[in-house]
Amino acid sequence: MTTSNNKMVKDAPIELTEDEAQLYDRQIRLWGLESQKRLRCARILVIGIKGLGAEVCKNIILGGVKSVTMLDHENVTEEDSCSQFLAPTTAVGKNRSAASLERAQALNPLVDVKVDTDNVADKSDDFFTEFDVVVATNLPVKELLRLNTICRNADIKFFCGDVFGFYGYFFADLQIHEYSEEITVAKAVKPQTNNNKKQKIEEEKVTRKGTSIFVPLHDVLDIDWTSDDYKHKISKMDCTFFLMRILQCFRAEMNRNPKTDSVQSDIELLKSIRDKELPKMNVNPDKVPDSLFEMVFSQLSPVCAIVGGVLAQEIIKTVSQKDAPHNNMFFFNPNTHLGQIFCLGN
C-alpha cells in the first residue's frame, strides 16, 4: 500500500558545501534552501537517451540532483543528430548512454552521472529501488506498465514520455504526493489612527501545504470513453492523446518508431492501426485525421526542448516538494502551438 511519506521527500539531512551554495545560489533564492537540499539527495534514473531523454538529463543535472543514471542499450544513429546533443555526431554506432557521458558530466561536475548499457527489460525489480525517481522514454507500453507497477510497489515516483516528430507527451504517477506552495492572500489592515476608519487591504504571501493523488498508467490507458465521466470530454480532448495510443500500438507491432526511410508504408500502417484501435476505444477514427501522420517522424529538437523542459521541471518540483505538480498528463500539439495538461483516469 502506498503511503505519503516517501523516502525521498523527508527533510534532507545534508548541508550544502560552500561550492554548492555558490553554484546553486540563484536556485536557492528561487525555491529555497530546503528544496535545494532535497534535490541534492535525489537519485534519478533516466531510461532512453534519445532527444527527449537528453533534454531531461541536461535540465536535472543542471538543477543539482545527487545522481543521474542514463540507461540505454541502443546505439547512436544518424537520426539522433536531429535532437540528441549529448552524444557527438562522431559516435554513430556506439552505445548511446556511454557516448553521452562526457558532455552530460561536464554540465555539472557536482552531480554523479552514471551510465548503464543494459536493456531495461532485463533489469530485476530490485534494481529500481536504488532510485527516487524513474523516468522512462522510448519504451513499449508493456514495459511502461511493468515499470509503473514496480515503482508503485517500491514507493518511487514515476514519469514516462515520448516525442514523435512534432508531437510529444508525458505522464506522471507520483502516487500520494505532498508539497508546499506560496500563494498570495488579501489581508485587512487596521487603520493606524482613529481619524481613518477605512481598512486597508494588503497582499501577503503565505505558504500552503497540499496533497495530490495520482493514478497508475493503466487507469489512463484503459479509460472507457463511453462512460458518463468521459463521453462528453471526447470533443474537448486533445487529439494528441489518441495519436499517442496509435503510435504506441505501432511501436508494439513493429518494435520501432516510424522511420524517415519508410514514410509512406509507415503512414499506411498508422492509418490501419487507427481504424482498428480507435473504434475499440469507442472513439471515431476521424479524431485523428490522416494529415497528423505526416508529422510523427524522428524526434525534433524544439519539441524535445519543450516537452523535456516541462518534464524536468515537474521532476524538480516533485523532488523539492515545491509547488503543485501537474496531474497527470502533458501534451504538446504543434497545430495549436500549445502544451496542455489533462487529468485522466481519476
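Scroll up to find the structure this text is about.
Each value, and the rule that gives it
- Residues numbered from 1 in each chain as written.
- Predicted model: local features only at pLDDT ≥ 70, side-chain atom pairs only at ≥ 80, totals over all residues.
- Heavy atoms only, no water.
- Helix = DSSP H or I, 4+ residues; strand = E, 2+ residues; numbered from the N terminus.
- Rg over C-alpha atoms; globule rule 2.2 N^0.38 Å.
- Buried < 20%, exposed > 50% of the residue type's maximum accessible area, 1.4 Å probe, protein only.
- Contact = heavy atoms within 4.5 Å.
- Areas by Shrake-Rupley, 256 points an atom, 1.4 Å probe, with all protein chains shown as cover.
- Lys, Arg positive; Asp, Glu negative; His and termini not counted.
- Charge placed at Lys NZ, Arg CZ, Asp CG, Glu CD.
- Expected span 1.5 Å × (residues − 1).
- Salt bridge = Lys/Arg side-chain N within 4 Å of Asp/Glu carboxyl O.
- Phe/Tyr/Trp six-rings, centres within 6.5 Å; stacked < 30°, edge-to-face > 60°.
- Lys NZ or Arg CZ within 6 Å of the ring centre and 35° of its normal.
- Core = buried A, V, L, I, M, F, W, Y, C linked by side-chain atoms within 4.5 Å.
- 1 Å grid on protein atoms, 1.4 Å probe; cavity = no way out; pocket = protein on both sides within 12 Å on 5 of 7 lines; lining within 4 Å.
- Points joined across faces, edges and corners; volume = space filled by probe spheres on them.
- Nonpolar A, V, L, I, M, F, W, Y, C, P; charged D, E, K, R; others polar.

Visitor: It is not clear to me how the overall build of the protein should be interpreted in this structure. Could you clarify?
Guide: Assigned secondary structure in the protein consists of ten helices and ten strands. Computed over C-alpha atoms, the radius of gyration of the protein comes to 22 Å, within 12% of the 20 Å expected from 2.2 N^0.38 for 346 residues, which places it in the range of a compact globule. Taken along its principal axes, the extent of the C-alpha atoms in the protein is 80 × 50 × 40 Å. Counting every position in the protein, which comprises 346 residues, the buried fraction comes to 51%. Across the protein, every contact between residues at least 6 apart in sequence was considered, and the portion connecting residues at least 24 apart equals 67%. As displayed, the protein has an accessible area near 16,600 Å², and 49% of this comes from carbon and sulfur atoms. Seen as two clouds, the 42 positive and the 49 negative side-chain charges of the protein have centres 6 Å apart.

Visitor: Would you mind showing me how to read helix α6 (residues 141-154) here?
Guide: A turn of α-helix holds 3.6 residues, and therefore any two residues three or four places apart point the same way. An ideal rise of 1.5 Å per residue puts 20 Å on 14 residues; α6 measures up with 20 Å between its terminal C-alpha atoms. V141, E143, L144, L147, N148, I150 and C151 are the residues of α6 that are buried. Where α6 is buried, its residues meet β1 (43-47), β4 (133-137), β5 (157-164), β6 (167-173), α7 (217-221) and α8 (239-254).

Visitor: What exactly am I supposed to notice about the pattern of salt bridges here?
Guide: Should the charged atoms of two oppositely charged side chains come close, the side chains can pair. Inspection of the entire model under this criterion finds 22 salt bridges. One salt-bridge network, in which partners are shared between bridges, spans K50, D72, E74, D80 and R96.

Visitor: In this structure, what is going on with the packing of aromatic side chains? I would like to understand it.
Guide: To describe a pair of aromatic rings, you give the distance between the ring centres and the angle between the ring planes. Applying the stated criterion across every chain yields a total of nine aromatic pairs. When the ring of F127 is compared with that of F128, the centres are 5.1 Å apart and the planes differ by 80 degrees; the resulting orientation is edge-to-face. What makes F127 buried here is its relative accessible area of 13%. Take F128: its relative accessible area is 0%, and that puts it in the buried class. Between F127 and F131 the ring centres are 5.4 Å apart and the planes differ by 65 degrees, which places this aromatic pair in the edge-to-face class. Within the aromatic cluster, the residues linked to one another by ring pairs are W225, Y230, F241, F242, F331 and F342. Here the guanidinium or amino end of K123 rests over the ring plane of F127, the centre of that ring lying 4.3 Å away. Here K233 stacks its cationic end above the ring of Y230, 4.7 Å away from the centre of that ring.

Visitor: So what exactly am I meant to see when it comes to the nonpolar core here?
Guide: In summary, soluble globular proteins display a tendency toward joint burial of nonpolar side chains. Counting 55 residues, the largest nonpolar core has I47, F128, W225 and F241 as the members making the most contacts within it. In terms of residues, this core owes the most to one element, α8, which gives eight residues. Sequence-distant contacts of F241, defined by excluding residues within four places in its chain, comprise V220, W225, M281, M329, F331 and L344.

Visitor: Explanation requested: empty space enclosed by the protein in the structure shown.
Guide: Over the atoms rolls a probe the size of a water molecule, and in doing so it shows where empty space is left. This structure, assessed with the given rule, holds one cavity of 30 Å³ or more. There is about 50 Å³ of room inside the largest cavity. Along its surface, the largest cavity is lined by D162, F164, Y167, G168, Y169, T240, L243, M244 and L247. Those elements that place two or more of their residues in the lining of the largest cavity are β5, β6 and α8. Counting residues per element, the lining of the largest cavity draws most heavily on α8, which supplies four residues.

Visitor: I'm lost on the layout of surface pockets in this one. Help?
Guide: Roughly 780 Å³ of volume is contained in the largest pocket. E74, N138, N255, R256 and N257 are, among the 34 residues lining the largest pocket, the residues nearest its centre. The computed volume of the second largest pocket comes to approximately 280 Å³. Elements represented by at least two residues in the lining of the second largest pocket include exactly α2 (25-31), α4 (51-63) and α10 (301-320). In terms of residues, the lining of the second largest pocket owes the most to one element, α10, which gives six residues. Of the residues that constitute the lining of the second largest pocket, the class distribution is five nonpolar, six polar and three charged.

Visitor: Please explain unusual backbone geometry as it appears in this structure.
Guide: Comment: phi is negative for the bulk of residues other than glycine, and the bulk of peptide bonds are trans. For the bond from N327 to N328, the omega torsion is 10 degrees, close enough to zero to count as cis. Topologically, N328 is positioned in the loop between α10 and β9 (329-333). The residue D155 is not glycine, and still its phi comes out positive at about 60 degrees.

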